[in-house]
Each structure stands twice: as structure tokens, then as C-alpha cells.
Amino acid sequence: MYRMKGVIPPMITPFLENGEVDYEGLVTLVRFLKEQVDGLFITGSYGSTALLQPDERKKIAEVVMDTVDGRIPVIVHVGTADSKTAADLASHAKSLGVAAVSAVGPFYYKHNADSICQFYKEIVAAAGPELPVYVYNNVSFQGYLMELPLIRRLKEEAGVSGIKDATFDIMAHANYIRTLKDERFDVASGTEAMWLQSRVLGTEAFIPGLGNAFPEICKKMWTEGMEGRYEECRKTQFMINEVRDIMYLARSTQLAIYAMLEIRGILTCYPRSPFIPATAEEKGKIKARLTQLGLL
């Protein structure tokens, strides 16, 4: 069964200025990334999941799978506010032959542990026994923290196969690995910001938003960590974290990725409203800082 390994960017969804999905831009981005990374995590937080209609999410998955053409694995985020839609998206992803699906906890309402377990049970049932389902524990987007006892229930009762950890809590990450990780449960880091720390604990994959625009430096850091070259990895980690500081010049890391792709000449596209694209002034500041770091 598939387990995440390597650099797996949470790919943005490019939009046209009128707000429609830019499917040509999507193909351009996939072609750029598939030569440099170890997988793609699509229609997640960076992918504007909550701003997409279910039919758009399905078409994006179809276009990505067709463009990847089997070169790298694709993980489809299927999380929604309701179980029925999430299960339907999982079933559709399964029909495309994706490597895995993942889902943030059901959002908007505050759910108890039993409801959250039910949500994931329905996704697992739709995915079937051969398609891994990863919990995406993202407090900011689901609105609550799924504590360790709940994650254990999701493993043992709901049958999930792993977790994408976006808690930014290295102690929580260590506990996932110490108490949950085994031959049937995988643990991946949901950020590039703590790769060195998570690698020392035994993690083998991270899901870097920065990897959309700068997959090369993310892959460099992953390789250094996997080869145990921790002093080199530390230096690269600090550079990446400095770039993450730069990303906030665009008011959010997601918006910064759209700007950085344009600055690098890879793709010019837009976020979907109500997001507002980075201004020319913000792009200028980002470009200047990236140039100072030698990344342009």
C-alpha cells in the first residue's frame, strides 16, 4: 500500500482573472512540478479546496491525473463539511487511480469524536481497502485540534492509513510517530518549516507549500535530511524558513505562491475571490528579497 515519501507539494489551483479555474495553467504547473517532486497533493488548502465546487474538484483531479500520466503519485484532498460529498469525492478519486486520498476534519460545525469518526468511516468505505486515507489534521481550517486519542480511534476504528500533520507542533508529531506509526499507519509532515526536526524523528515525507514555486530547494533539503547530512540540512532549513518569512509580504503564504510563480516566469494566474492577488508593490518586495537570497 502507498506511503508518502519525498517532497509532495500541496499544489495551488490556478484561476483566471474572472475566477474560473485555469485548466491550461493547471497543466502548465503540473508539467513543471512532475519533473522535480515526488508526488502532488491536490485540492487541499493551497488548492483553494473550500472555494471550489465538487464538480470543479473532480475535473481538477482528472486533469492532474491525465497530465501526470503515471510519472508521480497523486494524493487528492476530499475533505468537506459533510460526509456524503467527501465520500463521493473519494469514490471519484479512486476511479482515477490516485495513490491516496486525504481529508481535513469536517469543518464549520464543532463535531464530537463520534461524529468525526463517522465522517472518516464513510470516506474509508468509499475509498475501499486498497486506497489509503490520510487524516489531514489542520487546526486553522477545520477549526479544532484532533487530539492524539482521536487520531488513534481514526486508525483503529475508522481504518485510516496515515496522517498529514499540519499542527506545527513537533511534540505532537513525535507522539504520532512514537505511538501510531507502523506498517499500516503513515505519518507525513504538513509543512516545510520543520523538515529537519521531523526527519530526525523518522518522517520520510513533507508537504511544502513553497514547493509549488521552489521545488528545487525543497528537494535539496529533503535529500540532505534523508542522507543524514544534518548540518547542511540545517542551513537549507534556515533558508527555507527565511523564504517563508518573505511569503508573508503577500499577506498570506497561499497568495505568495501565486506571486512567486509569476516572478519565476513559470505561470501567471490568479487566486479566486475573495482572495485578492498580491499587489505590484508586494511582488516587487518579494522579488527583491528572493534575489538577495540568490534564488532568482
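As the structure is a prediction and not an experimental result, all values here were calculated from the model.

J.: How do you make sense of the pairing of strand β4 (residues 100–104) when you look at a structure like this?
T.: Along β4, five of the five residues are buried, which leaves the element largely enclosed by surrounding structure. Judged by which residues are buried, β4 turns out to be covered on both faces: Ala100, Ser102 and Val104 on one side and Val101 and Ala103 on the other are all buried. Bridging between strand β3 (residues 74–77) and β4 involves three bridges; their strand directions are parallel. Residue pairing across strands places Ile75 opposite Ala100, the latter belonging to β4. In terms of handedness, the path from β3 via helix α3 (residues 83–96) over to β4 forms a crossover that is right-handed. Relative to strand β5 (residues 133–137), β4 is paired through four bridges, and the arrangement is parallel. If you follow Ser102 over to β5, its bridge partner there is Tyr134. In this fold, the crossover linking β4 to β5 by way of helix α4 (residues 113–127) has right-handed handedness.

J.: Would you mind going over the pairing of β5 with me for this structure?
T.: Along a regular strand, successive side chains alternate from one face of the sheet to the other. Of all five residues that make up β5, five are buried, and the element is covered over most of its length. With burial as the criterion, each face of β5 is covered, one bearing Val133, Val135 and Asn137 and the other bearing Tyr134 and Tyr136. In the sheet, β5 pairs with strand β6 (residues 162–165) via four bridges, with the strands oriented parallel. Bridging across to β6, Tyr136 finds its partner in Lys164.

J.: Help me understand the packing of helix α9 (residues 215–226) against helix α10 (residues 230–247), please; the structure alone is not making it clear to me.
T.: Packed helices, taken two at a time, are described by the angle between their axes plus the distance between the axes. Relative orientation of the contacting elements α9 and α10 amounts to 150 degrees, with a least axis distance of 8 Å. Classified by the interaxial angle, the pair formed by α9 and α10 is roughly antiparallel. Two packed elements cross with a definite hand, and for α9 against α10 that hand is left-handed. Facing Ile217, Cys218, Lys220, Met221, Glu224 and Gly225 of α9, the residues of α10 in contact are Tyr230, Glu232, Cys233, Thr236, Gln237, Met239 and Ile240. When grouped by side-chain class, the residues that make up the contact of α9 with α10 number seven nonpolar, three polar and three charged.

J.: Where do I start with the packing of aromatic side chains in this structure?
T.: In this description, an aromatic ring pair is defined by two values, namely the gap between the centres and the angle between the planes. Inspection of the entire model under this criterion finds four aromatic pairs. Ring centres of Tyr108 and Tyr109 lie 4.9 Å apart, and the angle between their planes is 85 degrees; on these two criteria the pair is classed as edge-to-face. Tyr109 carries the same exposure label as Tyr108, and that label is exposed. A cation over an aromatic ring shows up here: Lys59 above the ring of Tyr23, its NZ or CZ 4.3 Å from the ring centre. Over the face of the ring belonging to Phe41 we find Lys164, whose NZ or CZ atom lies 3.9 Å from the ring centre.

J.: Is there a simple way to think about a nonpolar patch on the surface in this case?
T.: Where nonpolar side chains cluster on the molecular surface, the patch consists of Ile170, Met171 and Leu201 and spans about 250 Å² of accessible area. Judged by its relative accessible area of 34%, Leu201 is partly exposed.

The rules behind these values
- Residues numbered from 1 in each chain as written.
- Predicted model: local features only at pLDDT ≥ 70, side-chain atom pairs only at ≥ 80, totals over all residues.
- Heavy atoms only, no water.
- Buried < 20%, exposed > 50% of the residue type's maximum accessible area, 1.4 Å probe, protein only.
- Helix = DSSP H or I, 4+ residues; strand = E, 2+ residues; numbered from the N terminus.
- Pairing = 2+ DSSP bridges.
- Right-handed = clockwise from strand over helix to strand, strands pointing away.
- Axes fitted to C-alpha atoms, helices over the stretch in contact; angles between N-to-C directions.
- Parallel < 35°, antiparallel > 145°, perpendicular 65-115°, else oblique.
- Left-handed = near helix turned anticlockwise from the far one by under 90°.
- Contact = heavy atoms within 4.5 Å.
- Nonpolar A, V, L, I, M, F, W, Y, C, P; charged D, E, K, R; others polar.
- Phe/Tyr/Trp six-rings, centres within 6.5 Å; stacked < 30°, edge-to-face > 60°.
- Lys NZ or Arg CZ within 6 Å of the ring centre and 35° of its normal.
- Patch = residues over 30% accessible without salt bridge, like charges linked within 9 Å, V, L, I, M, F, W, Y side chains within 5 Å.
- Areas by Shrake-Rupley, 256 points an atom, 1.4 Å probe, with all protein chains shown as cover.
- Salt bridge = Lys/Arg side-chain N within 4 Å of Asp/Glu carboxyl O.

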